[in-house]
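# Chains, contacts and geometry: an overview
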Number of protein chains: 2
Amino acid sequence: MIMRNTPVDEQIIEDKIAQSGLNDLGKATIREIVGLVNQIQEASGVKFLRMEMGVPGLLPSEYGTQAEIDALKRGVARDYPMVDGVKELKNQASLFVKNFMNIDISPQSCIPTVGSMQGGYAIFLINNFLDPKKDTALFIDPGFPVQKQQFRVLGQKYESFDVYNYRGEALREKLESYLKKGNINSIIYSNPNNPTWICFTEQELQIIGDLCNKYDVIAVEDLAYFGMDFRRDISTPGKPPYQVSVANYTKNYVLLISSSKAFSYAGQRMAITCVADEIYNKSYPYLKERFGTDKYGYTLVLRIIYSLSSGATHSTQYAFAAMLKAANDGHFNFVENVKEYGKRAEIMKKLFTDAGFKIVYNKDVDLELADGFYFTIQYPNMSGDELLRELLHYGISAISLDNTGSEHKDALRACVSQISLNMMDMLQERLDQFKNDHI
Amino acid sequence: MIMRNTPVDEQIIEDKIAQSGLNDLGKATIREIVGLVNQIQEASGVKFLRMEMGVPGLLPSEYGTQAEIDALKRGVARDYPMVDGVKELKNQASLFVKNFMNIDISPQSCIPTVGSMQGGYAIFLINNFLDPKKDTALFIDPGFPVQKQQFRVLGQKYESFDVYNYRGEALREKLESYLKKGNINSIIYSNPNNPTWICFTEQELQIIGDLCNKYDVIAVEDLAYFGMDFRRDISTPGKPPYQVSVANYTKNYVLLISSSKAFSYAGQRMAITCVADEIYNKSYPYLKERFGTDKYGYTLVLRIIYSLSSGATHSTQYAFAAMLKAANDGHFNFVENVKEYGKRAEIMKKLFTDAGFKIVYNKDVDLELADGFYFTIQYPNMSGDELLRELLHYGISAISLDNTGSEHKDALRACVSQISLNMMDMLQERLDQFKNDHI
């Protein structure tokens, strides 16, 4: 052990890790790290720079909360929402994808869900019953670990690969090596990506779209960080540039658009699942065996989402509708509202690299990575477990990429959302000390 | 066809039924009947007396909506709720079951869910993976058809029987005929019962509890209509009488307590799933195969509910907490608030029986049935399809018991919630005409 005087006492860290029962911090879940850091923080009195949780750090817009309050005053709490959603939200969602993606999806095919967690669960479930031969989903990893957990809960199969070595044209052959086996029903990915913040290029999205057409599989595009690739300002409704999407290259797609991050509305559990009209209205005879109905959209809404929760919270649907309407009308620049995350990332990445860290996922083919909600770091000759432990001594917490399907088991995901701009001096101080202690 | 001049034109009814594609109204779902009646109402201009939907017809208490508005003003919309629920709600739920059921459940084991629809889905799912031999649930029917649909979505097995001929001591042998086969993991029922409003007696609940102990199966008691057996006024906190429950007779139970009906809060999708502490903390090794964890409570919350929606809407948790607190503190008599349903049922049952109808499920062993949210009717020599069609001519709608597991396929469920007291004269008028037309 190096002799040193770190911000957090060595013994407290050792004790709390021992008490937690976590033998390898690199294998710990986000919630386990959160719990451990809470313990260490309390025992040491040191305020941590918390980079482990992907929670919004900015306030939601008044458009949302005020509309929700107004709806409650109107008494909507009493009345079941329609399972397929209130009209106002469906209409605004359809306009939103037109205005900010230049994609046409009818209001009918835009379904509110209890967060994209429910949207994903429902879509993963239905996609498994479209064709008896296609019983496996394919993740383009790294990815959000809870989606894998959803597959475990569903009792359904998936395969996955780390996209790190398969960017650009190389993605085609890699994807096709899975698809040609004939057992894949869908390709799942997030864009921008959680946990690495890589963003697929138009070329890559076209490859995914082309292959979805060729092999008749569905692209499930998780747009949790809609508009948050700040290299392209998509914030003007009806004008390019637009949020990039596979929807430009295939009609076999489902988009998950969450209010949690882009609209800082995570607490209310609200998202829109946008199904391509061509899929929504399509009949899949095999669906009937499991669900008694054969149309994708009808089965999704009136069999699956109805069974999961009878729809999504009534007042919150009006909140999301109001935020989307304000964005559609050009009154509310939702991208500007979250741009601060990019500013934070730019500073933090420099502080980490100056201290000897390396950004692991650092390119979109030939482009520099965007600054956004997450970035990934590693430190020479340290495993993920070692690096996490070391950072704890300096009052800094993060999670490992080990659970995300990444091959970079020694890398960590850093989330900027809890590190406000006025905390950067403290981060610099701690990283300076880290650097001095590790020369 | 009888020649007559009914409130709704014969031809419109024939046309709209033909357009709906519903060959047998007795097989139609609630939502299909709702759609059909909307069509007929619009075409005929006759305002229907709508008894088909089990939706709240009374306003929620200010305690709920005001607390929710206050929470939104505090900014909770931004922050993910803990998956196991906000403390205030867990504490008040624990107090609530103590005050109104005289049952001890720790706050830890009271989990908010996105309605009892999600609570049921999660519980049905986990109960299927407690023991590899026990792969089947048992419904005491009649029951809520959507719970059967949930099993279809889950791909899990159930058996069921109509309790009509097995009330009182006869229930024991009937239940045991299923349980002794060794494949049953849980017994599911609602009390008061949807659709028939029968209420199990203490003797019957003891039989269920005893058998849950004997065969190690879990009673899933759906208390959607908590306190709404108005024959017993349970509304004084901490004082008998209490809401009856299987929890007095076994530690193998889960209670589903919804805000939708007893608190008229259906729109916000909020319920509490109360798991007996003994079950919550119990380890089931077989759970680990599917979910990777073996404790019932941990698996339910951090594997299943997390996967379904990452918890329940944040602001609504404060609304339900506030309503429960007001009830616990004796400031809010939630039973008094919904007693009007009983008054309506008493009048409506008399109007229907005076017109020649029979109440089908009409006894709780030796007790007259309570007046509450639902009752069941039949008319001599008419099938469910015929009776539904006939009633449509008189501007009255209901649903058949055919989908509910009842053996009384000719019976209908009538819901009182949309028939306010000032509509009783119109109901009487229409039933008088029905009576005259069918002598």
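Everything quoted here is computed from the prediction, not taken from an experiment.

A few words on the overall build of chain A. Secondary structure assignment for chain A yields 16 helices and 15 strands. Since a compact globule built from 439 residues should have a radius of gyration of about 22 Å, the 22 Å found for chain A is in line with a globular shape. In terms of its C-alpha atoms, chain A occupies a principal-axis envelope of roughly 65 × 55 × 40 Å. Taking all 439 residues of chain A together, 64% fall into the buried category. Taking contacts inside chain A between residues at least 6 apart in sequence as the whole, the part at least 24 apart equals 76%. Computed over 47 positive and 54 negative side-chain charges, the separation of the two mean positions in chain A equals 5 Å.

Below, the discussion takes up the interface of chain A and chain B. The interface is formed by 61 residues belonging to chain A together with 61 residues belonging to chain B. Counting each side, the surface lost to burial between chain A and chain B is near 4900 Å², with a carbon and sulfur contribution of 56%. Of all residues in chain A, Arg31, Arg78 and Tyr80 of chain A give up the largest surface area on contact with chain B, accounting jointly for 15% of the area buried on that side. Inspection of the chain A/chain B interface yields zero salt bridges. The tally of links from chain A across to chain B stands at 33 residue pairs in polar contact (both at pLDDT 80 or more). Elements that contribute at least two residues to the side of chain A that touches chain B include exactly α2 (30-44), α3 (62-74), α5 (115-127), α6 (145-154), α10 (287-291), α11 (296-309) and α12 (314-328) of chain A.

In this section: the sheet that holds strand β8 (residues 271-275) of chain B. Residues and elements named next belong to chain B. Read across the sheet, seven strands follow the order β2-β8-β7-β6-β5-β3-β4 without closing on themselves; strand pairing throughout is mixed. Edge positions in the open sheet fall to β2 (110-113) and β4 (157-162), since each of these has one partner strand only. Each neighbouring strand pair of the sheet contributes to a mean axis angle of 20°, computed without reference to strand direction. As paired elements, strand β5 (residues 184-190) and strand β6 (residues 218-222) share five bridges and run parallel to each other.

This brings us to the nonpolar core. Membership of the largest hydrophobic core comes to 313 residues, with the highest contact counts inside it found for Leu175, Ile208 and Phe334 of chain A together with Leu175, Ile208, Tyr296 and Phe334 of chain B. Here Phe334 of chain B is in contact with Phe96, Phe100, Phe226, Ile234, Ala262, Phe263 and Ala327 of chain B, once residues within four sequence places are set aside.

Below, the discussion takes up the pattern of salt bridges. Tallied over the entire structure, the rule returns 50 salt bridges over all chains. The partner of Asp141 of chain B in a salt bridge is Lys148 of chain B, and the shortest N-O contact between them spans 2.9 Å. Using a relative accessible area of 1% as the deciding quantity, one classes Asp141 of chain B as buried. Assessed through its relative accessible area of 10%, Lys148 of chain B is described here as buried. Of the charged contacts in the structure, one is a salt bridge between Glu368 of chain B and Lys363 of chain B, with a shortest N-O distance of 3.2 Å. Among the charged side chains, a salt-bridge network with shared partners connects Arg167, Glu204, Asp229, Arg231 and Asp364 of chain A.

Let us look at the relation of the copies chain A and chain B. The operation relating chain A to chain B is a screw motion whose rotation component is 180°, with 0.0 Å of axial translation and a residual RMSD of 0.0 Å. Both chain copies can therefore be described as sitting about a two-fold axis. No C-alpha of chain A lies nearer the rotation axis than that of Ile69 of chain A, which sits 2.8 Å from it. Interface residue correspondence from chain A to chain B reaches 100%, placing this contact among same-surface, isologous pairings.

What follows concerns the sheet that holds strand β15 (residues 412-415) of chain A. The pairing of strands in a sheet comes from backbone hydrogen bonds and takes either a parallel or an antiparallel form. Residue and element names in this part refer to chain A. Spatially, β9-β12-β15-β14 is the arrangement adopted by the four strands of the open sheet, whose pairing is antiparallel. The sheet terminates laterally at β9 (358-359) and β14 (399-400), the two strands that pair on one side only. Note that β9 and strand β12 (residues 374-378) share two bridges and pair antiparallel. Across the sheet, residue Ile359 finds its bridge partner in β12, namely Ile377. Against the sheet, helix α14 (residues 340-354) contacts β9 and β12, and its axis sits at roughly 0° relative to β12. Relative to β15, helix α15 (residues 384-393) is tilted by about 40°, and along the sheet it contacts β12, β14 and β15.

The next point concerns the pairing of strand β2 (residues 110-113) of chain A. Look at any regular strand and the pattern is simple: side chains alternate between the two faces of the sheet. All names here are of chain A. Alternating residues of β2 divide into Cys110 and Pro112 and Ile111 and Thr113, and every residue in both groups is buried. As paired elements, β2 and strand β8 (residues 271-275) share four bridges and run antiparallel to each other. By the bridge assignment, Pro112 is partnered in β8 with Ile272.

Glancing now at empty space enclosed by the protein. Tallied over the entire structure, the rule returns five cavities of 30 Å³ or more. Each pocket or cavity is described by its volume, and for the largest cavity that value is around 40 Å³. Within the lining of the largest cavity, the residues separate by chemical class into six nonpolar, three polar and one charged.

With that out of the way, let us pick up the packing of helix α1 (residues 10-20) of chain B against helix α2 (residues 30-44) of chain B. Residues and elements named next belong to chain B. Relative to each other, α1 and α2 sit at 145°, their axes nearing to 10 Å. Of the two elements, α1 crosses α2, and the hand of that crossing is right-handed. Contact with α1, carried on its side by Ile12, Ile13, Lys16, Ile17 and Ser20, involves Leu36, Gln39, Ile40, Ala43 and Ser44 of α2 and no other residues of that element. Considered class by class, the residues forming the contact of α1 with α2 number six nonpolar, three polar and one charged.

This paragraph deals with the side chain of Ser190 of chain A. Residue and element names in this part refer to chain A. Within the element layout of this structure, Ser190 appears in strand β5 (residues 184-190). Owing to a relative accessible area of 10%, Ser190 belongs among the buried residues under this scheme. A polar contact of 3.2 Å, which involves the side chain of Ser190, links it to the backbone nitrogen of Asn194.

Quick look at the packing of helix α5 (residues 115-127) of chain B against helix α6 (residues 145-154) of chain B now. Residue and element names in this part refer to chain B. Put simply, α5 and α6 touch, their axes get as near as 10 Å, and they point 50° apart. As summarised for this structure, α5 and α6 are arranged oblique, according to the angle between their axes. Judged by the twist between their axes, the crossing of α5 over α6 is right-handed. Of α6, the residues touching α5 (which contributes Met117, Tyr121, Phe124 and Leu125) are Val146, Gln147, Gln150, Phe151, Val153 and Leu154.

Residue and element names in this part refer to chain A. Within this structure, the stated rule accounts for zero disulfides over all chains. Note on Cys274: no disulfide assigned, nearest cysteine sulfur contributed by Cys110 at a separation of 3.9 Å. Note on Cys274: relative accessible area 0%, which makes it buried.

Let us now look at the confidence of the model for chain A. Considering every residue of chain A, the mean pLDDT works out to 96; 99% of them sit at 70 or more. Both scores are available for the predicted complex, with the pTM at 0.96 and the ipTM at 0.95.

This part is about the packing of aromatic side chains. Residues and elements named next belong to chain B. A full pass over the atoms with the stated rule returns 69 aromatic pairs over all chains. When the centroid spacing of 5.4 Å and the interplanar angle of 85° are considered together, the rings of Phe139 and Tyr158 count as edge-to-face. In this pair, Phe139 is assigned in strand β3 (residues 136-141) and Tyr158 in strand β4, connecting sequence segments 19 residues apart. Take Phe139: its relative accessible area is 2%, and that puts it in the buried class. Where Phe161 meets Tyr178, the ring centres are 5.5 Å apart and the plane angle is 15°; that geometry is what we call stacked. Pair noted here: Phe161 is in strand β4 and Tyr178 is in helix α7 (residues 170-179), with a separation of 17 residues, a long-range link.

With that settled, consider helix α4 (residues 87-101) of chain B. Residues and elements named next belong to chain B. For α4, spanning 15 residues, the distance from its first C-alpha to its last is 21 Å, which sits close to the expected 21 Å at 1.5 Å a residue. Those residues of α4 that sit buried are Leu89, Lys90, Gln92, Ala93, Ser94, Phe96, Val97, Asn99, Phe100 and Met101. Buried-residue contacts for α4 involve β2, β6, β7 (253-258), β8, α12 (314-328) and α13 (334-338). Asn102, located one to two residues past α4, shows a positive phi value of around 60°.

As a further point, take unusual backbone geometry. For the bond running from Asn191 of chain A to Pro192 of chain A, omega is -5°, close enough to zero to count as cis. Following the sequence through the fold, Pro192 of chain A ends up in the loop between β5 and α8 (202-215). The step from Pro240 of chain B to Pro241 of chain B runs through a cis peptide bond, and the omega angle for that step is 0°. By the element assignment, Pro241 of chain B lies in the loop between β6 and β7. Positive phi, normally seen in glycine, also occurs at Trp197 of chain A, with a value near 65°. Its location among the elements puts Trp197 of chain A in the loop between β5 and α8. The buried category is assigned to Trp197 of chain A, whose relative accessible area is 0%.

Each value, and the rule that gives it
Residues numbered from 1 in each chain as written. Chains lettered and ligands numbered in written order. Predicted model: local features only at pLDDT ≥ 70, side-chain atom pairs only at ≥ 80, totals over all residues. Heavy atoms only, no water. Helix = DSSP H or I, 4+ residues; strand = E, 2+ residues; numbered from the N terminus. Rg over C-alpha atoms; globule rule 2.2 N^0.38 Å. Buried < 20%, exposed > 50% of the residue type's maximum accessible area, 1.4 Å probe, protein only. Contact = heavy atoms within 4.5 Å. Lys, Arg positive; Asp, Glu negative; His and termini not counted. Charge placed at Lys NZ, Arg CZ, Asp CG, Glu CD. Buried area = accessible area lost by both parts, 1.4 Å probe. Salt bridge = Lys/Arg side-chain N within 4 Å of Asp/Glu carboxyl O. Polar contact = N/O pair within 3.5 Å; in protein donor to acceptor, adjacent residues only side chain to side chain. Pairing = 2+ DSSP bridges. Axes fitted to C-alpha atoms, helices over the stretch in contact; angles between N-to-C directions. Core = buried A, V, L, I, M, F, W, Y, C linked by side-chain atoms within 4.5 Å. Least-squares fit on C-alpha atoms with pLDDT ≥ 70 in both. 1 Å grid on protein atoms, 1.4 Å probe; cavity = no way out; pocket = protein on both sides within 12 Å on 5 of 7 lines; lining within 4 Å. Points joined across faces, edges and corners; volume = space filled by probe spheres on them. Nonpolar A, V, L, I, M, F, W, Y, C, P; charged D, E, K, R; others polar. Left-handed = near helix turned anticlockwise from the far one by under 90°. Parallel < 35°, antiparallel > 145°, perpendicular 65-115°, else oblique. Disulfide = S-S within 2.5 Å. pLDDT = per-residue confidence, 0-100. Phe/Tyr/Trp six-rings, centres within 6.5 Å; stacked < 30°, edge-to-face > 60°. Expected span 1.5 Å × (residues − 1).

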